Each structure stands twice: as structure tokens, then as C-alpha cells.
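What the coordinates show
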Amino acid sequence: MGLTKQYLRYVPGPIFNVIASLKSNAVFVELRAQVGRYVAAGACENVIIWDSKTGEKINTLMGEKHCVTVLKTSPNNRQIAVGYEDGVVRLFDLHSGECLVTFSGHKSAVTCLSFDTDGMRLVSGAKDTNIIVWDTVSEAGLFRLSGHKGPITKCCFLESQNILVSSSIDTLVKFWDLDTHHCFKTLVGHRSEVWDMVVMKDDRYLVTGCSDSELRVWKIRFPNAEEEEEKQKATPKKARSDSDEEDKEDDDDEKDNEDDDNGILQCTKIGTILRQGRDRVLSMTTDASRSILACHGMDSIVELFRFHSEEEIQKIFSKRQRKFKKQHPDSKEEFTVALQDEVLRIKSIQASGKVKAIDIYVSSKEELKLLVLLRGNSFEIHVADTKVSNKNEMTKVGALSIPGHRTDVRALCFSSDKIALASASGESLKIWNRGSQNCIRTMACDYALSILFATGDRNVVVATKTGKLQIFDIAAGRLLEEIPAHEKEVWSVAMSPDLRGIASGGADKKVKFWQFELVPDLAEEQMEDDGRGHGKRLSLAHTRTLQLEEDVLCVKFSPDHRLIAVSLLDSTVKIFFVDTLKFFLSLYGHKFPVLCMDISYDSSTIITGGADRNIKIWGLDFGDCHRSIFAHEDSILGLQFVSKTHLFFSCGKDGKLKQWDADNFENITTLSGHQGQVWTLAVSEDGKYVSTAGHDRSIRLWERTQEPLVLEDERETQREAEADQALALGEDRVIPGIKAGEEASLPGRKTVETERAAERIMEAVEVHKEVSQQLAEYRDKLDQHKQSGKDVSHAPVAPQIHPLMVAYDTTDPDRYLLKVLRQVKSSEVEEALLVLPFHYVCSLLTLLDQLLEKGWETELVMRILLFIVRVHHGPLSNTPSLLSILNRLQSVARKRVDEVRDRIGFNLAGLQYLQRELEEREAVQLFADASDRVKQKRKQRRNKDKAKQRAILTL
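Cut-offs and rules
Sequence order as written defines the numbering, with residues in each chain counted from 1. Selection of residues for local features in this predicted model requires a pLDDT of at least 70, selection of side-chain atom pairs for listing and counting requires 80 or more, and totals for whole chains, interfaces and linings are taken over all residues. Note that water and hydrogens are dropped before the side-chain values are worked out from all heavy atoms of the structure. The helix count covers DSSP runs of H or I at least four residues long, the strand count covers runs of E at least two residues long, and both are numbered beginning at the N terminus. Computed with a 1.4 Å probe, the accessible areas rest on the Shrake-Rupley method; for each residue, only the protein chains presented here act as cover. Strands are treated as partners if at least two bridges between them are detected by DSSP. Only C-alpha atoms enter the line fits that serve as axes; for helices the fit covers just the stretch in contact. Angles between N-to-C directions range over 0 to 180 degrees. Every patch collects residues that have over 30% relative accessible area and no salt bridge, joining them within 9 Å if they carry like charges and within 5 Å if they are nonpolar side chains (Val, Leu, Ile, Met, Phe, Trp, Tyr). By salt bridge we mean one thing: a side-chain nitrogen of Lys or Arg within 4 Å of a carboxyl oxygen of Asp or Glu. When charges are tallied, Lys and Arg are placed among the positive residues and Asp and Glu among the negative ones, while His and the ends of the chain are skipped. Taken as the charge location is NZ of Lys, CZ of Arg, CG of Asp or CD of Glu. Expected span, for any helix, means 1.5 Å times one less than how many residues it has. Under the scheme applied here, a residue whose accessible area is under 20% of the maximum for its type counts as buried, over 50% as exposed, and between as partly exposed, the area being computed with a 1.4 Å probe on protein chains only. Scored from 0 to 100, pLDDT reflects the predictor's confidence in each residue. Contacts were defined at the residue level, with two residues in contact if any of their heavy atoms lie within 4.5 Å. The scheme is simple: roughly parallel for angles under 35 degrees, roughly antiparallel for over 145, roughly perpendicular for 65 to 115, oblique for anything else. Handedness of a crossing is defined here by the sense of rotation of the near helix relative to the far one, left-handed for an anticlockwise turn of less than a right angle and right-handed for a clockwise turn. Think of it as three bins: nonpolar holds Ala, Val, Leu, Ile, Met, Phe, Trp, Tyr, Cys and Pro, charged holds Asp, Glu, Lys and Arg, and polar takes everything else, Gly as well. Under the pairing criterion, centres of Phe, Tyr and Trp rings, with the six-membered ring standing for Trp, must be within 6.5 Å; the plane angle then separates stacked pairs below 30 degrees from edge-to-face pairs above 60, leaving the rest tilted. Placement of a positive charge over a ring is assigned whenever Lys NZ or Arg CZ falls within 6 Å of the ring centre and within 35 degrees of the normal to the ring plane.

1. Details of the overall build of the protein chain
If you tally the helices and strands in the protein chain, you get 14 helices and 57 strands. Summed over all atoms, the accessible surface of the protein chain reaches about 46900 Å², with 49% contributed by carbon and sulfur.

2. Remarks on the sheet that holds strand β7 (residues 79-84)
If you walk across this open sheet you meet the four strands as β6-β7-β8-β9, and the pairing is antiparallel. Across the chains shown, the open sheet's two edge strands, defined by having one partner strand only, are β6 (68-73) and β9 (99-104). Adjacent strand axes in the sheet meet at a mean angle of 20 degrees when their direction is disregarded. Here β7 runs beside strand β8 (residues 88-93); their pairing, made up of five bridges, is antiparallel. Its bridge partner lying in β8, Val-82 is registered against Arg-90.

3. Points about unusual backbone geometry
One non-glycine residue, Ser-603, lies in positive phi territory at about 60 degrees. As for its placement among the helices and strands, Ser-603 is situated in the loop between β46 (594-599) and β47 (605-610). For Arg-697, which is not glycine, the phi torsion reads 70 degrees and is therefore positive. Assignment of secondary structure puts Arg-697 in the loop between β55 (689-694) and β56 (699-708).

4. With respect to a positive patch on the surface
A surface patch of positive charge is lined by Arg-933, Lys-937, Arg-938, Lys-939, Arg-941, Arg-942, Lys-944 and Lys-946. As for its placement among the helices and strands, Lys-937 is situated in helix α14 (residues 880-954).

5. Examining the sheet that holds strand β24 (residues 301-307)
Sheet strands associate in pairs through backbone hydrogen bonding, adopting either a parallel or an antiparallel arrangement. Spatial strand order, β22-β23-β24-β25: four strands in an open sheet with antiparallel pairing. Across the chains shown, the open sheet's two edge strands, defined by having one partner strand only, are β22 (283-286) and β25 (343-350). In this sheet, adjacent strand axes meet at a mean angle of 20 degrees when their direction is disregarded. Bridge count for β22 against strand β23 (residues 292-296) is four bridges, and the pairing is antiparallel. Residue pairing for β23: Thr-285 is matched across the bridge by Ala-294.

6. A closer look at helix α12 (residues 858-871)
With 14 residues, α12 extends 20 Å between its outermost C-alpha atoms, agreeing within 8% with the 20 Å of an ideal straight helix rising 1.5 Å per residue. Of the positions making up α12, those classed as buried are Thr-858, Leu-860, Val-861, Met-862, Ile-864, Leu-865, Phe-867, Ile-868 and Val-871.

7. Structural notes on the confidence of the model for the protein chain
With 89% of its residues at a pLDDT of 70 or more, the protein chain has an overall mean of 85. In the predicted structure, residues 1-5 sits below a pLDDT of 50 and forms six contacts with residues beyond four places in sequence or in another chain.

8. Observations regarding the side chain of Ser-827
Within the secondary structure, Ser-827 sits in the loop between α9 (813-823) and α10 (829-835). Ser-827 sits in the buried class, given a relative accessible area of 11%.

9. Points about the packing of helix α11 (residues 838-854) against α12
At their nearest, the axes of α11 and α12 sit 10 Å apart, and the two run at 150 degrees to each other. One element, α11, and the other, α12, form an angle in the roughly antiparallel class. As α11 packs across α12, the resulting crossing turns out to be left-handed. Residues Val-841, Leu-844, Leu-845, Leu-848, Leu-851 and Leu-852 of α11 lie in contact with α12, whose contacting residues are Thr-858, Val-861, Met-862, Ile-864, Leu-865 and Ile-868. Of the residues contributing to the contact of α11 with α12, the split by class is eleven nonpolar, one polar and no charged.

10. Thoughts on the pattern of salt bridges
Inspection of every chain in the model, using the stated rule, returns 28 salt bridges. A salt bridge links Glu-481 to Arg-537; its shortest N-O distance comes to 2.9 Å. Taken together, the residues Glu-481 in strand β37 (residues 478-484) and Arg-537 in strand β41 (residues 536-547) connect sequence positions 56 residues apart. The salt bridge partner of Arg-888 is Asp-849, with a shortest N-O separation of 2.5 Å. Taken together, the residues Arg-888 in helix α14 and Asp-849 in helix α11 connect sequence positions 39 residues apart. Here the salt bridges do not stand alone but share partners, grouping Arg-9, Glu-707 and Glu-714 into one network.

11. So, the packing of aromatic side chains
Within the structure shown, the criterion is met by ten aromatic pairs. Ring centres of Phe-175 and Phe-184 lie 6.4 Å apart, and the angle between their planes is 45 degrees; on these two criteria the pair is classed as tilted. A relative accessible area of 0% places Phe-175 in the buried class. Where Phe-577 meets Phe-584, the ring centres are 5.0 Å apart and the plane angle is 55 degrees; that geometry is what we call tilted. You can call Phe-577 partly exposed: its relative accessible area is 23%. Geometry around Trp-679 places Arg-410 over its ring, the cationic atom sitting 4.0 Å from the centre. A cation sits over an aromatic face here: Arg-815 above Trp-856, 3.7 Å from the ring centre.

12. With respect to the packing of helix α7 (residues 752-788) against α11
The angle between the axes and the distance between the axes are what describe a pair of packed helices. It is the contact of α7 with α11, at a shortest axis distance of 10 Å, that shows an interaxial angle of 65 degrees. One element, α7, and the other, α11, form an angle in the roughly perpendicular class. In the crossing of α7 with α11, the sense of the turn from one axis to the other is left-handed. Two secondary-structure elements touch here, α7 through Ile-761, Met-762, Val-765, Glu-766 and His-768 and α11 through Tyr-840, Ser-843, Leu-844, Leu-847 and Gln-850. Of the residues that constitute the contact of α7 with α11, the class distribution is six nonpolar, three polar and one charged.

13. Some thoughts on a nonpolar patch on the surface
A surface patch of nonpolar side chains, about 330 Å² in accessible area, is lined by Leu-911, Tyr-913 and Leu-914. A relative accessible area of 45% places Tyr-913 in the partly exposed class.

14. As for the environment of Asp-812
Along the polypeptide, Asp-812 turns up in the loop between α8 (803-807) and α9. Taking the C-alpha atoms as reference, Asp-812 lies 9.0 Å from His-768; in sequence the two are 44 residues apart.

15. Points about the pairing of strand β16 (residues 173-177)
Among the five residues that make up β16, five are buried, leaving the element largely enclosed by the rest of the structure. Because side chains alternate across β16, one face comprises the buried residues Val-173, Phe-175 and Asp-177, and the other comprises Lys-174 and Trp-176, equally buried. Inspection of the sheet shows strand β15 (residues 163-168) paired to β16 by five bridges, in the antiparallel sense. Counterpart to Leu-164 in the pairing with β16 is Trp-176. With antiparallel pairing between neighbouring strands as the criterion, β15 and β16 make up a hairpin whose turn holds four residues, including Thr-171 at a positive phi of roughly 75 degrees. Here five bridges tie β16 to strand β17 (residues 182-187), and the two strands are oriented antiparallel to one another. Of the residues in β17, the one forming a bridge with Val-173 is Leu-187. Linking β16 back to β17 in an antiparallel pair, the connection comprises four residues, with His-181 at a positive phi of about 60 degrees.

Rendered as C-alpha cells:
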């Protein structure tokens, strides 16, 4: 058989068992004109949109290979921004699920995202301490802000001013002027990390959460003289509340902050709010109006607060003032507004588990919906009325927990017909339909270590950490029997080849052999009269015991039922005869205990893998080691042969799934997908499907295709991927015209895509130069031929069209260059231009002059031209040959930009005229409809009166 047909490729299949990843948050999204019903949650590298009422998946926003870290919906609820662990930000359309734009700027995980009020700008913060502002309309980065010394925890825009507020683990809160790209104010009053912050109620309050149980409230003021006078007249002088609880150090910090206030913005601490939780703040969020604040810590308590408006504050203050004067009529103490007048504690919700993230939505009927994402791979939705008193508790109206385990999956097993897949974790056993990935059954069990389907695929046997063997009935979804099999953990169970029994190995240094048997079932006997069965159920009968000197970690039968292999804690594998239990072979060579093993279908080869990261291939005839392979970067946790072959799969704590050939000891392919350790794997009976479960709580299916796999091509692909990764993680480059260490810099970063885009641009410049030269020579020869008056048959032959221009379906070199520039992603244009050598920049500048003369794609050409001139201003101005081009570009560019501005202004004026026309028509139509309704009501009233008169006359 040829090399290209020897192996078939396995490709990634569906991912399930993940409701929401631990690294991501969850948010409400608007779909089908409903808000508060659909929830978007990060699930490994994808984003799943769930229907909280039915528990179904509505849509999946597909990622690539890095885990989702943060989600944020746009103000118009049409798009959702997704931040990833590799620093990439993607913008998806919620209705179509299509990725609209990809922003690459950060070098590490994105930690926060925020839109401005119009949704035109998006700000992202990451663990690399940088903040980047993106333009979602032009699909490009605006600038990068550097100033924090630690990972960014929160960024948000102010609604009333062009100001950005950011917080970080470096204990600082910074205010950035987005017009000048400069930090003009820093709050230094925090003693520990600022884990989250929110801006409340028309940019009047800033609330920060730190490592203690307090929420610090800051008052934001914009010192405009007229506004300040109006505020002083409208409201009494405000004082800090809770000042009795503050120590002198906080007062000193507050004075320092007041001294540092400048004319743009003033931020003063007015008090603290004491939370119920004693640990640090994990996250805070607000509703769309920024009047309700929700916060939580590391525990299961979610607290809600309401910030009052100015009118409500005045009412509360006046009421408290009257009460105070009534109780203390002789008191001359000056009474001031306190924080308790401005903030009301609404409710505290006790969730069913530890809280990971929250989101809130307030409907037009003042109904508050609270989304609580739990650490146990589930979420809840609570509902309350914000108008009622805080004595009324919130009502839990929905939860989603069935499509996923609460803890990591520790064992997997396919049924014999590969239709069902069983998974077991620390709290439950679930049966999945492999085709639809739906959970068919969920049964509570002890901490599972190994599972297998019993003969007939109607029952599942679970080996537990408590030393029990649990037998479950799949159809009834109940536990049939608990057998105290071992005194300690049962690490492994194996089915005998004759399908009549199993063997179990535990930490009590014993291997026990069990036989399947049918015993009377008391629960079924009670239902015999209903025709439910004969009152029999499956059970296990203990037949033999093999006593060993060390703890048993793994047990495996040979397919010919002649031998049984036992892995021990002393790093050896003992082989015994099944019939007599006599010792046959001892396989020693591993430095650490063997955690997994398997025997080939012909009982000739055994493979072992353990904590020493090696896979050893042994012969079962003499116990000789054929090969020792350094297979994984960490402990190997799973090994299994593909049926009827000597191909096998391995998985380990390095998160990789690898396929191997036991005959020639080759690594066939490496399948990456899990975002952490891979705990276990299972291969279907025919080898078409492979399932893996990992620490990211995902169960992944890998499907075999008919595509042949060539080892040399696979190695080349791996080398290219490693080179691309090294390029993406390269050192910081020096950008002309931009000094290192500045607060504001370029937003993008060099990636593989930007390198390829730069190569395409350089190639297009070379092709344009070559084709233009050939066309010029052809025209010269054609002119000479016409002047000579020779015969047409001797005319020069036109040059052939360049193959690249044929691929772009054009014969004009200018059109070809413009198409190449247009195909570069808008978010990658600047980074691609930075890679260009200077002589290519000079050539491109000349070509841009030609494109501007023709008036093609003025906006794109001007963007490229301005960036090139700004970055390479010094070298360009010192090149004499380019001075004439630059002077000509100055006049042409201004002319073209004026034309575009006039066109946009004309179109905008036309649209505004149409809008006014439509509004007038709608107003007339509404008036006409109202008149018709009044006439109809009058007519109905007259008819009723006539009917009454007829009835009276009849009487």
C-alpha cells in the first residue's frame, strides 16, 4: 500500500459538556426582539448562545484555538465583542453569527472590553498592561495607551466627556483624555489591587472594588463655572459619609487627591459601602442606565445597590433632615447629604454555588433580571421588581445545568454500537448521544475514576474513589447496586474478552475478578403486573482475588483472554495468566508509575505510559521493550489502540492528543484543542471516533475522514506552525518616528497575517513595475513601427498578461495594485505597511500619486499615504527625488479629499431631507388614523343609541 493511503486524517468534531468556561463571563443578548432570555457564554474557544427557558443552543460563534476570556455586547445589541487568550478581539454579528472584524493588538489575554455610548469605539485592556482603542466603523485601531504597571482590570468611557477611565492591579485608576491621548489624572488612594470599577449615574460616581470587603465611592465633577453655580444652588453642600469609619491614612490620601485635581475633572472620595462578603471583589456590573450596581466576591453572595437621581436624593435628604430636627430641636449641627442618601442597598442574592460572573438587565417595566454564572459550569437567572422594598426576595426563574458536568470529566467510554458515549465526573454520570451531543441521562454517582458499558449496553459500571463499584440502569436512569469492592480507591476496571465479567484493581493492592449475573430486583418485582419485566437486574459476583505487593493503578486483559496486565505503584507492569493467575512477565523500565496501558488486538504488543512522559512499546511474547518514545511534555494519562490495527492514541497533561504507529514507532499526527490537561480518552469500536475530556471541562470528538495523511507534509505543516508562533512572539520592533516608552503608540502588532499582507504588497509593487516597464517598451516600439510605415505583420507583439494579474481578473497594473491593497484587512493595513522596506515605500508613494490622480478609492489611498508620510517623514523629506512627488501629492490629495467631503455632505443632506419627508408623512398618517378611530367610535355610539331607542319602542 502506498504511503499516501496508509494513514487517514482525524479532524476536530463537535465540542460539548461546556455551558460556560471558567475563564470567561456571560452576558444577556438580544435575539428575536427579546432581551433577558438569551445568554451568551464563552465555551473554550467558542461562544455559545443559550436559550435560558428551553436550555437549547441557539447559535455558536466559532473561534480558532484560543480560549475566550471576556464578552461585551454593543449598545445597539447587534454585535458582540469577544476577547481571547492570545490578545485578539473579534466582533461578531449576533443574528448571523459571522465574524465582522478581527483586531490584533495585545500580546496576552484580553481582560476587559467596553463600548462607547454610540458603539463606534471599542476599548480593550489586557494582561500586557496596555489599553487599545479601536474604531469599529473603519475596522482599525486608533491608538495604544501605556501607563499602567500591571494587568488592566477594567476600562470604560465616560458618557458626557471624551474621557476614558481605567483600573489595574497596580492599585491605580487613571483618567485618559482621548483627544490628546494623554493621562491627565491618577487616583492613588487604594491600598491594594483594584479588581473592578464602574461609572454610575450620568458620570457622577465612580465605584471601585479592591481586595477588602469595601466598595469605595468617588464623586466625579467637571468644574465648569456655570454648572457649578447651578449645582450649588440646586443642592446643598455635600459631605463625605462614613467618615467615622475611615482611618487617618485614607483622609490623608483624599487630601492629596484633592490637591492634585485639575481643571478638566475632579474626583473626590465621598465614602465606602461595606459588602456582606469578606473576601475581595471579583466583578461589578451595571444596567444600561447606570443606576443599579451589582457586585460579588469569591463566595456565593450577589449584592445589588441603587444610586438615586438628584430629585430622589433631595427627597430622602429632606425627610432625614426633618426627622433629625424633630429628634434634636436644639441642635445647631450643620446637616449635610450623606452617602446613605445617595445609595440604597436593594437586595442580596444567595446563589446555589460560587459565583464567577454576573450581568443585569432592567426592562421598561422596572423588572430586574440578574444573570449569575457559577463556577460549577452552570448559570442561574433571578428576577425582581426594583420598585418594591428590599424585603421582597428575588425569584429564581431559570437555570441551565443539565448539558454539562459540575466538575472535570475523569472517565469516558463508547458503547459497542458507538451511538452512546458515557462520561463520569466527581458528582454525576451522563449518557450522551454522539450524533446530536444531547445529554440523554444524568445520574448522581460518587467520584468516578473509571467506567465501562456492561454487556448489552444497557448498564454502566462505575469504579469510584470510595472503593465501590456502582451499577447504573441507563433506561431507568437509576442506580441498581453499590458493591463495596475494595477498601480504597478503585483505579481501573477492565472488561474480559468473553464479555462475561470484569476485573477491578484498587489501591488496596488487590485485583478482583467479577462475573455478571442476573438477580431479582425488588423494585421491578413490584411492577411485574404492569408488564415492565421479569424482576431481574444485572449484578456482579466476586469469583477470584489476585493479591499483589503494591497499589494497582491499571488493569487490562489481552484480547485472547490468556493474559492480564497489572500496573503497580512501583513503576512496573506485571503480566499474569488469567486461568491460573500465575506470574508470567515483569515489564520494568519506567522511572515513574504507569498510569495507562493497552494491548493490541492480536495480543502481541502492549503499550504503557506514565508520569515519566514516555511511551514504551513491549512484546508480550518475551517482555522485550521494542521502543521507548518521549511522547508528551507532561504525564501521560490515556492510551488506547485503534481496533484491528497497531495504531494507537495517547493523551496527557500537556493538552495534546497524539496518534502513533506501534510498528514503525512514528508520530502520525498531533491534535490540539484542549485548553489544559486531557484527563482521559476513548476510541470507538471501529476507530472512526475518538473522544477526549480535559480540564477545560469540554468533551471533544475527533472524527476519521477519508483524506490521506502524508507524514512529510504533516511535519512541514508543524514546522510552519512553529515558525508562525515564533514570529508572533517575536521581540518588540522599532517603529520610525515613534519613541519607545511613550503613553500613546500604534495599536496593532506584528502577526503572520500582517507579514503575508506585506509580502503581497511588495509583490504587487514589483509586478506593477515590471508590467509598466513592458507596456512602456511596447508603446515605444509601436510608435517607432508607425513612424517607419512598415507592414502590420511586422508590428511588435503585445506583452502577455502577468499570471497574478490574470488571477485578479484585470489587465491594468494600477487596478491590480488597488485590488491588492483593498484585500488587506482594514485592521492590518498599518502593521503591513510597517514591514515594508524603505525602497518599497518610495515606490509605493509614486504609485499612490497615480491612483490619486485617477481618483480611485480616495479614502483607502489617503489612509495609506498619511500613515506612510507620518511614519517615514524624516527619510522622505531628506530624499530629493521624492520632493516633487510630495509637493504634487499635497495639492492632489487636498483636491480629492474635498471632492469626497462634498459628496458625503451632499448625500447626508439628501438623507436628512428624506428623513424629514418620512417623518411628515408618518405624522399625517398618524393624524389620519386618529381621526378615523374617533369617527369609528362615534359611529358605534350612534348605532348603540339607535338600538336602545328601537328596544324602547318595541316595549
